[in-house]
Structures are given as C-alpha cells and as structure tokens.
Amino acid sequence: MALQLIDLNQDVEYINIDTAKVPYSFSIKLVDKTFTFTVKYNDIGEFYTIDLYDLNGEVLVFGEVVRYGRALFNVVEDERFPIPVIIPVCITDDGISEVTKDNFGKAVKLYLFERKVAE
C-alpha cells in the first residue's frame, strides 16, 4: 500500500521540528483537531521521543520513539488520534536510514500522509 503525501495547499506537508529547542512542546492543528507534541532527546540511547497530548492536555502517547520510516502513534489508535499518518522520512536523500541529531528537523521531517480508510 503506497501512502500519498497530503496536499494541504497553503498549509505545510510536514510538521516542523526545531532540534535546537529540544526538549520543547508545541501545538499544531492536524485536520480538525489540535494536538500538543513534546519532543525530547535521550542522550544515552541517542534517539528522539515524542509525547502526544490532546487539546485538554490528556496524554495520548508518552515516549514514542521516532524511528525512520515508521509511522508515529501507530500502536494504539482511536478517534482521539491525528487523522494523517505521521512518518519521519527524508524525501530527497534515499541514503538516510535512521533519525539522528544531524538530520532530524533538517533532511528528516515528520511528513503527513493521507490515512487510507478500509472500505
């Protein structure tokens, strides 16, 4: 199954991450709901994590590891979760195979893909 990048017209097709601010939180509207993301870096394991909160501040996911090419928040999903599929990838350089301090937020971005609903 191929995923298609969402065409958001004037909106962006990815969630911008500023690794210079980590750890930090920001809110973003995805389709019809606003979410808060908290981005952290684990120095010992050398990986990024993201916590996801709903508009009321309720934790939906805590400590989701950002893995290259793997959808975020895919383990548990219900109507509270973002509609687009969020996948950390680089669309310009196929040589990248992991999320690192050097590439996250730069070459590797959190791209939004259309979620295909089973018919």
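The present account deals with the structure reproduced in this document.

What counts, and where the lines are drawn
- Residues numbered from 1 in each chain as written.
- Predicted model: local features only at pLDDT ≥ 70, side-chain atom pairs only at ≥ 80, totals over all residues.
- Heavy atoms only, no water.
- Helix = DSSP H or I, 4+ residues; strand = E, 2+ residues; numbered from the N terminus.
- Buried < 20%, exposed > 50% of the residue type's maximum accessible area, 1.4 Å probe, protein only.
- Areas by Shrake-Rupley, 256 points an atom, 1.4 Å probe, with all protein chains shown as cover.
- Pairing = 2+ DSSP bridges.
- Axes fitted to C-alpha atoms, helices over the stretch in contact; angles between N-to-C directions.
- Contact = heavy atoms within 4.5 Å.
- Polar contact = N/O pair within 3.5 Å; in protein donor to acceptor, adjacent residues only side chain to side chain.

What to know about the overall build of the protein chain
And step 1. From N to C terminus, the protein chain includes 0 helices and 7 strands.
And step 2. Each helix (α) and strand (β) of the protein chain, taken in turn from the N terminus, gives the series β-β-β-β-β-β-β.
And step 3. Each of the 119 residues in the protein chain was classed as buried or not, and the buried ones make up 39%.
And step 4. Summed over all atoms, the accessible surface of the protein chain reaches about 7,400 Å², with 48% contributed by carbon and sulfur.

Looking at the sheet that holds strand S6 (residues 85–89)
The strands making up a sheet associate through hydrogen bonds between their backbones, and the pairing can be parallel or antiparallel.
And step 1. What the 3 strands build is an open sheet, ordered S1-S7-S6; its pairing is antiparallel. Strand pairing shows two members of the sheet lacking a second neighbour, strand S1 (14–15) and S6, which therefore form its edges.

Thoughts on the sheet that holds strand S4 (residues 47–53)
And step 1. As summarised here, the arrangement of the 4 strands in space is S2-S3-S4-S5, forming an open sheet in which the pairing is antiparallel. Both outer strands of the open sheet, strand S2 (24–30) and strand S5 (59–65), are each paired with one neighbouring strand and no more. On average, adjacent strands in this sheet sit at an angle of 20 degrees to one another, irrespective of strand direction.
And step 2. The pairing of strand S3 (residues 33–42) with S4 spans 7 bridges and is antiparallel. Directly across from Asn 42, in S4, lies its bridge partner Phe 47.

Description of the environment of Pro 23
And step 1. Relative to the assigned elements, Pro 23 resides in the loop between S1 and S2.
And step 2. Taking C-alpha positions, Pro 23 is 9.7 Å from Ile 50, a pair spaced 27 residues apart along the chain.
And step 3. Filtering out sequence-adjacent residues up to four positions away, Pro 23 remains in contact with Val 39 and Lys 40.

Section: the side chain of Thr 38
And step 1. Relative to the helices and strands, Thr 38 is located in strand S3.
And step 2. The buried category is assigned to Thr 38, whose relative accessible area is 11%.
And step 3. Within the structure, Thr 38 has its side chain in polar contact with the side chain of Ser 25 (distance 2.6 Å).
And step 4. If sequence neighbours within four positions are ignored, Thr 38 has contacts with Tyr 24, Ser 25, Thr 49, Ile 50, Asp 51 and Tyr 53.

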